[in-house]
Amino acid sequence: MTVRAGVVAVQGDVSEHAAAIRQAAEAHGETAEVVEIRHAGAVPECDVLLLPGGESTTISRLVHREGIAAEIQAHAEADKPILATCAGLILVSTDAHDDRVDTLDLLDVTVKRNAFGRQRDSFEAPLGVTGLDDPFPAVFIRAPVIDEIGEGVEVLASWDDDPVAVRQGSVIGLSFHPELTDDSRLHDLAFFESVLAEA
Ligand code: GLN
């Protein structure tokens, strides 16, 4: 099976995610065709979608301007998998307490941008994640904190009592950057396990 994976590529880190998606697919004996999304029209062709980290104000502005935002919402409504990391998590939330970010309301959480303290601006920590046998090496870079969480949202991992990995239906949101290590288990969990479960 070939899975067509769209990586929203208007801004932010794209190639590391593409590599992680391919690696996760390979681990399942599958193939991933990675498509970089910069304009409307490509999302409806994708089986799974990835919203990467970057600068959420910029990503928000561009996905709305390009008409990609509505297509991402339609993808989620069709229960197709989405993995949203860091700025991507901010974008799929219901509110980021920042007028410059027009959120997509796909995950019933609110977030605070850049909320980890300055000395912990960027750090790496081993994180226990529901669904993974061993801790995941999580890299946090000016990461958002989830400050409110709706009833239908499952917490997959927490750091210092704050949720940092959550799932609601087919959408997984992470405060950290799973693409910056060569561990692709979270791309696997978000995409291939659910895709295979439906197949
Ligand atoms: N600080 C960024 C923002 O608020 C997110 C950081 C990231 O994606 N690494 O948009």
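Each remark here, short or long, concerns the structure printed above.
So, here's what we can say about the structure. Small disclaimer: the values here were computed from a predicted structure and weren't measured.

As a further point, take the sheet that holds strand 1 (residues 2-8). The pairing of strands in a sheet happens through backbone hydrogen bonds and is either parallel or antiparallel. With mixed pairing, 7 strands are arranged side by side in an open sheet as 2-1-3-4-11-10-9. Edge strands, defined here as strands with exactly one partner in the open sheet, are strand 2 (31-37) and strand 9 (154-159). Strand-to-strand twist in this sheet, taken as the mean axis angle between neighbours without regard to direction, amounts to 20°. Bridge count between strand 9 and strand 10 (residues 162-168): 5 bridges; the pairing is antiparallel. Each residue of the ladder has a partner; that of Val155, found in strand 10, is Val166. Together, strand 1, strand 2, strand 3 (48-51) and strand 4 (82-85) form the strand contacts of helix 1 (residues 15-27), whose direction differs from that of strand 2 by roughly 160°.

Here we take up the pattern of salt bridges. One pass over the structure, following the stated rule, counts 7 salt bridges. Residue Asp183 pairs with Arg185 through a salt bridge whose shortest N-O separation is 2.8 Å. By relative accessible area, which is 25% here, Arg185 ends up partly exposed. Overlapping salt bridges bring together Glu55, Asp98, Arg100 and Arg113 as one network.

Attention now goes to helix 2 (residues 56-65). A turn of α-helix holds 3.6 residues, and therefore any two residues three or four places apart point the same way. Every buried residue belonging to helix 2 is among Ser56, Thr57, Ile59, Ser60, Leu62 and Val63, and all of these are buried. Among the structural elements, strand 1, helix 3 (68-77) and helix 4 (87-92) are those in contact with the buried residues of helix 2. Phi for Gly67, located one or two positions after helix 2, is positive at around 80°.

Let us now look at the layout of surface pockets. Empty space within the largest pocket amounts to approximately 170 Å³. For the largest pocket, the full set of lining residues is Gly53, Gly54, Glu55, Ser56, Cys86, Ala87, Ile90, Arg113, Asn114, Ile141, Arg142 and His177. Considered class by class, the residues forming the lining of the largest pocket number 4 nonpolar, 5 polar and 3 charged.

Turning next to the side chain of Glu179. Along the chain, Glu179 turns up in the loop between strand 11 (171-174) and helix 5 (185-198). One buried charged residue, Glu179, forms no salt bridge at all, with the nearest opposite charge on Arg185 at 14 Å. A polar side-chain atom of Glu179 sits 3.4 Å from a polar atom in the side chain of His17. Polar contacts involving the side chain of Glu179 include one to the side chain of His177, which spans 2.9 Å. Contacts of Glu179, omitting those with residues within four sequence positions, involve Asp13, Glu16, His17 and His187.

Around the ligand lies a shell formed by Gly53, Gly54, Glu55, Ser56, Cys86, Ala87, Ile90, Arg113, Asn114, Ile141, Arg142 and His177. A distance of 3.1 Å separates a nitrogen atom of the ligand from a polar backbone atom of Ile141. Protein burial of the ligand: of its 300 Å² of free accessible surface, 95% is covered by the chains. Under a 2 Å grid-point criterion requiring more than half of the atoms, the pocket assigned to the ligand is the largest pocket.

Counted under the stated rule, the structure contains 5 aromatic pairs. Taken together, a centroid distance of 6.1 Å and an interplanar angle of 40° make the contact between Phe136 and Phe176 tilted. You can see Phe136 sitting in strand 7 (residues 136-141) and its partner Phe176 sitting in the loop between strand 11 and helix 5, a full 40 residues away along the chain. Summarising the burial analysis for this pair, Phe136 and Phe176 share the class buried. Arranged with centres 5.5 Å apart and planes meeting at 55°, the rings of Phe140 and Phe176 form a pair that is tilted. Of this pair, Phe140 sits in strand 7 while Phe176 sits in the loop between strand 11 and helix 5, and the two are 36 residues apart along the sequence. Phe140 gets classed as buried once you look at its relative accessible area, which sits at 0%. The class for Phe176 is buried, based on a relative accessible area of 0%.

Conventions adopted
- Residues numbered from 1 in each chain as written.
- Predicted model: local features only at pLDDT ≥ 70, side-chain atom pairs only at ≥ 80, totals over all residues.
- Heavy atoms only, no water.
- Pairing = 2+ DSSP bridges.
- Helix = DSSP H or I, 4+ residues; strand = E, 2+ residues; numbered from the N terminus.
- Axes fitted to C-alpha atoms, helices over the stretch in contact; angles between N-to-C directions.
- Contact = heavy atoms within 4.5 Å.
- Salt bridge = Lys/Arg side-chain N within 4 Å of Asp/Glu carboxyl O.
- Buried < 20%, exposed > 50% of the residue type's maximum accessible area, 1.4 Å probe, protein only.
- 1 Å grid on protein atoms, 1.4 Å probe; cavity = no way out; pocket = protein on both sides within 12 Å on 5 of 7 lines; lining within 4 Å.
- Points joined across faces, edges and corners; volume = space filled by probe spheres on them.
- Nonpolar A, V, L, I, M, F, W, Y, C, P; charged D, E, K, R; others polar.
- Lys, Arg positive; Asp, Glu negative; His and termini not counted.
- Polar contact = N/O pair within 3.5 Å; in protein donor to acceptor, adjacent residues only side chain to side chain.
- Near = heavy atom within 4 Å.
- Areas by Shrake-Rupley, 256 points an atom, 1.4 Å probe, with all protein chains shown as cover.
- Sits in = over half its atoms within 2 Å of the grid points.
- Phe/Tyr/Trp six-rings, centres within 6.5 Å; stacked < 30°, edge-to-face > 60°.

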